[in-house]
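Read off the chains here:
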Amino acid sequence: MRTGAQTLADFEDEHALWGYVNAVGSKRAFNVCETFAWLWAHMPGPMSAALTQMFARRPRRQLRVASLGGGPASCLLGWAVFERLAISGGDSSSAAAAAADADADADADADAATDAAAAAATDADAGSSAMPLPRLHVFDYAPGWAPLVQRTADALGEPICFAGCELTQGLGHPTNGALHAASTSGLDILLL
């Protein structure tokens, strides 16, 4: 941050991290929310067709979203605002609701299988099935962001999994184990 070449030591200064969030965080969150809102408003289109298909499953299961290199979870916050305003709060006609329910029923079995596989993998790793998997994830190489991600989780009122990752390595690398597990358990949206 100070020299243009980032090191983990740059992310140990809590005041600097908060300064970054104050300077950039709200703009990033707004941009993510605005981008998805634009895609939502300009349906039909190639990207909006994919969003429509994902949102059709919404009544059965909330979307699983991960922010890669997500730092303080600003992008996830933007997604959550969009999701709550456009998807949860949006009015839908009875025909659209029926179509969404039909699509959701078609995907419900696949979603249940994915959820069961993810829970089994987590149970094997953690040795317990008491805690459900969070649907929101932040993957970043700097552990200093974890307290800020927790503040975002508290503000949203739902858990956010924070885990380390190294973008210069492949998914099979040990540093990317949590990212690999989340991606194989079924992510719907990956924010970069």
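Our subject is the structure that appears above.
Below you will find a few notes about this structure. (Residues numbered from 1 in each chain as written. Predicted model: local features only at pLDDT ≥ 70, side-chain atom pairs only at ≥ 80, totals over all residues. Heavy atoms only, no water.)

As a further point, take the sheet that holds strand β2 (residues 136-139). Read from one edge of the open sheet, four strands run β3-β2-β1-β4, paired in parallel fashion. In the strand order of this sheet, the two ends are held by β3 (160-163) and β4 (189-191), each with one partner. Taking the axes of each pair of neighbouring strands and ignoring which way they run, one obtains an average angle of 20° across the sheet. Relative to β4, strand β1 (residues 65-68) runs parallel, the two being bridged by three bridges. Bridge pairing in β4 places A66 opposite L190. (Pairing = 2+ DSSP bridges. Helix = DSSP H or I, 4+ residues; strand = E, 2+ residues; numbered from the N terminus. Axes fitted to C-alpha atoms, helices over the stretch in contact; angles between N-to-C directions.)

What follows concerns a nonpolar patch on the surface. A cluster of nonpolar side chains, namely L77, V81 and L85, defines an oily patch on the protein surface of about 250 Å² accessible area. If you trace the backbone, V81 turns up in helix α3 (residues 74-88). (Patch = residues over 30% accessible without salt bridge, like charges linked within 9 Å, V, L, I, M, F, W, Y side chains within 5 Å. Areas by Shrake-Rupley, 256 points an atom, 1.4 Å probe, with all protein chains shown as cover. Salt bridge = Lys/Arg side-chain N within 4 Å of Asp/Glu carboxyl O.)

Bringing the packing of aromatic side chains into the picture now. Counted according to the given criterion, the structure contains seven aromatic pairs. An angle of 80° between the planes, with centres 4.9 Å apart, marks the rings of F36 and W79 as edge-to-face. Taken together, the residues F36 in helix α1 (residues 14-41) and W79 in helix α3 connect sequence positions 43 residues apart. Residue classification places F36 among the buried residues on the basis of a relative accessible area of 9%. Since its relative accessible area comes to 0%, W79 is described here as buried. Measuring from ring centre to ring centre gives 5.4 Å for W79 and F82, while their planes differ by 50°; the resulting arrangement is tilted. One end of the pair, W79, and the other, F82, are both in helix α3, three residues apart, so they sit about a helical turn from each other. Here the two residues W79 and F82 agree in accessibility, since each one is buried. Members of the aromatic cluster, joined through ring pairs, are F11, Y20, Y141 and W145. (Phe/Tyr/Trp six-rings, centres within 6.5 Å; stacked < 30°, edge-to-face > 60°. Buried < 20%, exposed > 50% of the residue type's maximum accessible area, 1.4 Å probe, protein only.)

The next subject is the pairing of β1. Remember that side chains alternate between the two faces of the sheet whenever the strand is regular. Side chains of β1 alternate between two faces, with V65 and S67 and A66 and L68 buried alike. Relative to β2, β1 runs parallel, the two being bridged by four bridges. Bridging across to β2, A66 finds its partner in H137.

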